[in-house]
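Fold and geometry: a report
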Amino acid sequence: MLSYLLVLSVIVTAEAQKIRGVQTDDSCVCKLSSSIWAFPTERFEGVQKQLQTCEDNLLQFNKKVKDSNARLPKMELTLKNIKTRLNRFEYLDTKGLYNTLNLQQLTEEIDSIYYTAKDVNKKSPSKETTDLLKELTTARKDVENMYKKNIFNLETMKSRLRDLNNRVQTCKTIPEDFRSTCYQRIMSNISSPVVTKLNSISTSYVSGAWGREAKRGSKERFWEHWLVSENKLGNTIRMYNSHEDFMGSKNYKDEEIASSYSHQNAVQGSGTILYDNTVFYQCYGTAEICSFNITTQATKRVELAGAGIDNKFPFCYYSCRDWTDIDLEADQNGVWVIYATDENHGNIVVSRLEPVSLNITHTWKTRLFKRSVTSTFMVCGVLYATRFVNTYKEEVFYAFDTTTGHEINTLSLPFEKVSPGIANLNYNPVDGKLYLYNDAYLLAYDTFFLVHFKCSYPIKSALF
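In short, a report on the structure. (Residues numbered from 1 in each chain as written. Predicted model: local features only at pLDDT ≥ 70, side-chain atom pairs only at ≥ 80, totals over all residues. Heavy atoms only, no water.)

So, the overall build of the protein chain
The condition is simple: Helix and strand labels come from DSSP, where a helix needs a run of H or I of at least four residues and a strand needs a run of E of at least two; each type is numbered from the N terminus. Only protein chains enter the accessibility calculation, which uses a 1.4 Å probe; a residue is then buried when its area is under 20% of its type maximum, exposed when over 50%, and partly exposed in between. We call two residues in contact whenever any of their non-hydrogen atoms come within 4.5 Å of each other. Using a 1.4 Å probe, accessible areas were evaluated by the Shrake-Rupley method; residue-level cover was limited to the displayed protein chains.
Regarding its fold elements, the protein chain presents 7 helices and 26 strands. Residues classed as buried in the protein chain amount to 46% of the 464 residues present. In the protein chain, of all internal contacts separated by at least 6 residues, the share reaching a separation of at least 24 is 55%. When the accessible surface of the protein chain is split by element, carbon and sulfur atoms take 52% of a total near 24500 Å².

Digging into the pairing of strand β14 (residues 299-303)
Along any regular strand the residues' side chains alternate between the sheet's two faces. Using the following cut-off: Pairing between strands is defined by DSSP: at least two bridges between the two strands are required.
Sheet analysis places strand β13 (residues 288-293) next to β14, joined by 5 bridges and oriented antiparallel. Looking at β14, one finds that C290 is bridged to R301.

Structural notes on the state of the cysteines
Applied cut-off: Counting rule for disulfides: a pair of cysteine sulfur atoms within 2.5 Å.
What the rule picks out here adds up to 2 disulfides. Between the sulfur of C283 and that of C290 lies a disulfide, 2.0 Å long from S to S. Handedness here is read from the sign of the S-S torsion; for C283 and C290, about 120°, the answer is right-handed. Take C290: its relative accessible area is 0%, and that puts it in the buried class. Here C316 pairs with C320 through a disulfide, and the sulfurs are 1.7 Å apart. C316 sits in the buried class, given a relative accessible area of 11%. Judged by its relative accessible area of 40%, C320 is partly exposed.

Some details on the side chain of D331
The criterion, for reference: Within 3.5 Å is the distance limit for a polar contact, defined as a pair of N or O atoms, with the added protein rule that one can donate a hydrogen and the other accept it, and that residues adjacent in sequence qualify only through two side-chain atoms.
Within the secondary structure, D331 sits in strand β15 (residues 327-331). Within polar-contact distance, the side chain of D331 engages the side chain of W336 at 2.8 Å. Reaching out from D331, the side chain makes a polar contact with the backbone nitrogen of G381 at a distance of 2.7 Å. Once residues lying within four places of it in the same chain are set aside, the contact partners of D331 are Y275, W336, M378, V379, C380, G381 and P429.

Comments concerning unusual backbone geometry
Phi is positive for S229, which is not a glycine, with a value near 50°. Secondary-structure assignment places S229 in the loop between β6 (222-226) and β7 (233-234). Phi is positive for C380, which is not a glycine, with a value near 55°. Mapped onto the elements of the fold, C380 is located in the loop between β19 (375-379) and β20 (382-390).

Describing the pattern of salt bridges
Operational definition: By definition here, a salt bridge exists when the distance from a side-chain nitrogen of Lys or Arg to a carboxyl oxygen of Asp or Glu is within 4 Å.
Under the definition given, this model contains 16 salt bridges. One salt bridge in this structure joins R212 and D431, with 3.6 Å as the shortest N-O distance. Of this pair, R212 sits in strand β5 (residues 208-212) while D431 sits in the loop between β24 (424-428) and β25 (433-438), and the two are 219 residues apart along the sequence. A residue is classified by how much of its surface remains accessible, and R212, at 16% relative accessible area, is buried. On the accessibility criterion, D431 (22% relative accessible area) is partly exposed. Of the charged contacts, one joins K433 and D446 as a salt bridge, the two residues approaching to 3.2 Å between their closest N and O atoms. Of the two residues, K433 is situated in strand β25 and D446 in strand β26 (residues 441-451); the sequence distance between them amounts to 13 residues. Here K433 falls in the partly exposed class, since its relative accessible area comes to 21%. Three or more residues are tied together by salt bridges with common partners; here these are R212, E220 and D431.

Describing the sheet that holds strand β16 (residues 334-340)
Strands belonging to one sheet form pairs held by backbone hydrogen bonds; the direction of such a pair is parallel or antiparallel. Let me state the cut-off plainly: Between the N-to-C directions of two axes lies an angle of 0 to 180 degrees, each axis being a line fitted to C-alpha atoms and, for a helix, fitted only over the stretch in contact.
Reading across from one edge, β15-β16-β17-β18 is the order of the 4 strands in this open sheet, with antiparallel pairing throughout. The open sheet has two edge strands, β15 and β18 (360-369), and neither has a second partner. The average angle at which neighbouring strand axes cross in this sheet is 25°, direction not considered. Bridge analysis of β15 against β16 gives 5 bridges, and the strand direction is antiparallel. Across the sheet, the residue bridging to D331 is G334, located in β16.

Here we look at the pairing of strand β2 (residues 27-30)
For strand β1 (residues 21-24) and β2, the ladder comprises 4 bridges, and the chain directions are antiparallel. The residue of β2 that forms the bridge with G21 is C30. Linkage of β1 to β2, two consecutive antiparallel strands, is achieved through a turn of 2 residues, within which D25 is found at a positive phi near 50°.

The structure is reproduced here in structure tokens:
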């Protein structure tokens, strides 16, 4: 019985071991070594360390998985943004801009510009038109040489044609009175804000526009316009008959541009301007410009051929401001529209708009990529563009003179703001102020100018 119990004990604590006993004086005597019960401490500690190491590694791995899962949406969004931005350039390959040049098409383009310049020179000869004809004759010879050679620089030729065409358009369509007394002046400084207030509706309306009636000689009126429905659409403009009423948000009148913000005549985007008692804006859902006369309540429309819409070419320097594909502006010379096209590779296009007939009278193509800009405005026929510096500072860095065709990308005119986002920036020729819609804040600035001596040759942009 004793032996059996001993065997059981051994089975419980270690491997089974048979122990022989010797009977002595009616007793069973056996020698039993206690070492068989010795606990394998070193092995246990080793296994324990391995287990701890595995547990630590597992915790670290779980942490990495959680961190990766947390970063994945941001990484996916970044990748999506990169893909979206790269898609803009697909045409550079798919349309053969870096492949074989269609020389016949290029020849036709040059011939068209040449004969336009020749006609202008015949009607009103000048040194500028004579020089243009000489340069265009040289360009035609250069293209003829391309037929004989297999090597050419497409981008150089395209840039050259763009400059020549801009100069021809200037000579062709700008009347003498277009060259106002300020056309030789360029902006030199922007003041600190002289007006700062929230819009009169709600701080949730972070996108919109505001300003003053822009036609010189018209009565003093201030206006503000805000976008609803995801900061995209609007149908009402608020009018004030004095600066005092505007600052106090009192004695205003809300004018309905359309019966609802989903009406075909509703406003899309924040590129709105008021000129000569008429609201100019992008029509709802289309590449068209609408004009709404406040007195007659009549709406006119005109198509803006080739303009990118629905966030194809928004202002997008720091963070994209949706629904800013088309920007209406006004200055001493009238109404302008600023946009981008595939044909101009997403670069800014400037068109002058005849405000009564709503006809596009002439168009210039720049080399400034629209998505690399925060906002634009016009002064004396000069396009200015801004870029983000930080949350509280913006900078005018670029100018394009439609009178001379010159581009300048070395400006540095900083100005203050109170929030990162810019929905609308417009210049008013009546008081010389800039009006900024800055994330529901309404700011105004004084502007200053220096005499700008024209160069005898276009200033080349280094942007593209």
